[in-house]
Amino acid sequence: MREFVPDRAYFEPTALEYPIGQEILQRLKALDVEILHTTSHNQVRDIPGDNELQQYRNAKRTLVVGVRKTLKFDTSKPSAEYAIPISTGCIGHCHYCYLQTTLGAKPYIRVYVNMDDILRQAQAYIAERQPEITRFEAACTSDPLSIEHLTGNLARLITFMGDQPHGQLRFVTKYDLVDSLLDLPHNGRTRFRFSMNTEYMVRNFEPSTAPLADRIAAARKVAVSGYPLGFIIAPIYMHEGWEEAYTKLLQRLSEAMPDSLTDLTVELIQHRFTKPAKRVIEKRYPKTKLDLDESKRKYKWGRYGIGKYVYQDEEQARIVSLFEELVAQYLPQARIEYFT
Ligand code: SF4
């Protein structure tokens, strides 16, 4: 996939006092990106567009470069202790993206220039829990690989964690531009996870992300570089021919991975939606083919009174048994971490 070039970038005033802010500015200028200034990301209100939908699309092509002020990290259970904030927002248009509801009215992409502060805070969290390992998730509020060519922040984070005997990093991506990360001194402390799905899913529901073949090729490169690897198969969706399609996917993954790959995890997440998410999806992707019919699903009570619509129990059982078989057959070295 080609590197993403934003249409415009806003700089918060103090961002340019940091070397990373200056570096990002130079890169954007070289790419001829329109440079604007804002007192704070909250004040970015003039994103072009005649209606909400156009503004939403344009916001996803807008970068806001700023200083991360909140240095208290959110928790990210169960897969990590903390969410490490290096960016917020994403260039992708996945119809089922969780950011649609969590980021609400601020879909523009924010990147942070005070990485020293963020890494210092991570170090403090690691020290607090020593000798326990502290795990950080870098993709809770964005897909950090999609903008790495503009910031270099993921490389800084991977290199930092390579030096932390009690720290571990993980993130997930639907992108493929991994070359700048392959030779970093990661020391096996970063698990690089790729979100994978069937061709049907990627083509129909994941616009502006890397094609499946490119993700698979990138995963191979990452595995060859000795990173612990993970596949997140999500959302598992029972489209026509889904069993054959997921079988094909696992076959392709198996064929592409090098024999040297021994540290591999698989996370399985079924398709689910909430009522608020359904409303947002229908507004932003009105032609979506995604089946969001509550009557076909099982209602699962959730936190804060917002329940999810998941597959019926028998359907979930079919998914689990298919994937147990497929993983055992095609990725025998892998450990299934969970199905949810
Ligand atoms: Fe959301 Fe991930 Fe798709 Fe980006 S790539 S839009 S973060 S699901």
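Structure's up top.
Residues numbered from 1 in each chain as written. Predicted model: local features only at pLDDT ≥ 70, side-chain atom pairs only at ≥ 80, totals over all residues. Heavy atoms only, no water.

A. View of the nonpolar core. Grouped together as the largest cluster of nonpolar side chains are 96 residues, with contacts concentrated most on Leu 229, Phe 231, Ile 233 and Tyr 246. If near-sequence neighbours (up to four positions away) are discounted, Phe 231 is found in contact with Phe 194, Met 196, Ala 219, Leu 253, Met 257, Leu 264, Thr 265, Val 266, Glu 267 and Leu 331. Grouped together as the second largest cluster of nonpolar side chains are six residues, Tyr 10, Ile 47, Ala 59 and Val 64 included. (Core = buried A, V, L, I, M, F, W, Y, C linked by side-chain atoms within 4.5 Å. Buried < 20%, exposed > 50% of the residue type's maximum accessible area, 1.4 Å probe, protein only. Contact = heavy atoms within 4.5 Å.)

B. Examining the site of the ligand more closely. In the region of the ligand, the neighbouring residues are Cys 90, Gly 92, Cys 94, Cys 97, Leu 99, Asp 143, Lys 174 and Tyr 175. Of the residues contributing to the shell around the ligand, the split by class is five nonpolar, one polar and two charged. (Near = heavy atom within 4 Å. Nonpolar A, V, L, I, M, F, W, Y, C, P; charged D, E, K, R; others polar.)

C. Summary view of the side chain of His 271. Within the fold, His 271 resides in the loop between strand E12 (264-270) and helix H10 (275-284). A distance of 3.0 Å separates the side chain of His 271 from the side chain of Arg 297, its partner in a polar contact. In contact with His 271, not counting residues within four places along its chain, are Tyr 96, Pro 235, Ile 236, Tyr 237, Leu 290, Asp 291, Leu 292, Arg 297, Tyr 309, Val 310 and Tyr 311. (Helix = DSSP H or I, 4+ residues; strand = E, 2+ residues; numbered from the N terminus. Polar contact = N/O pair within 3.5 Å; in protein donor to acceptor, adjacent residues only side chain to side chain.)

D. How the structure looks around the side chain of Ser 79. Tracing the backbone through its elements, the reader meets Ser 79 in the loop between strand E4 (75-76) and strand E5 (80-83). With relative accessibility at 15%, the residue Ser 79 sits in the buried group. The contact partners of Ser 79, leaving out residues within four places of it in the chain, are Arg 135, Glu 137, Arg 170 and Arg 193.

E. Region of the structure containing the sheet that holds strand E8 (residues 134-137). Here eight strands make up an open sheet; going across it, the order is E4-E5-E8-E9-E10-E11-E12-E15 and the pairing mixed. At either margin of the open sheet sits one strand with a lone partner, and together these are E4 and strand E15 (334-339). With two bridges connecting them, E4 and E5 associate as antiparallel partners. Across the sheet, the residue bridging to Ser 76 is Ala 80, located in E5. Against the sheet, helix H8 (residues 212-224) touches strand E10 (190-196) and strand E11 (229-236), its axis set at about 160° to E10. Along the sheet face, helix H9 (residues 242-256) touches E10 and E11 and points at about 170° away from the line of E11. (Pairing = 2+ DSSP bridges. Axes fitted to C-alpha atoms, helices over the stretch in contact; angles between N-to-C directions.)

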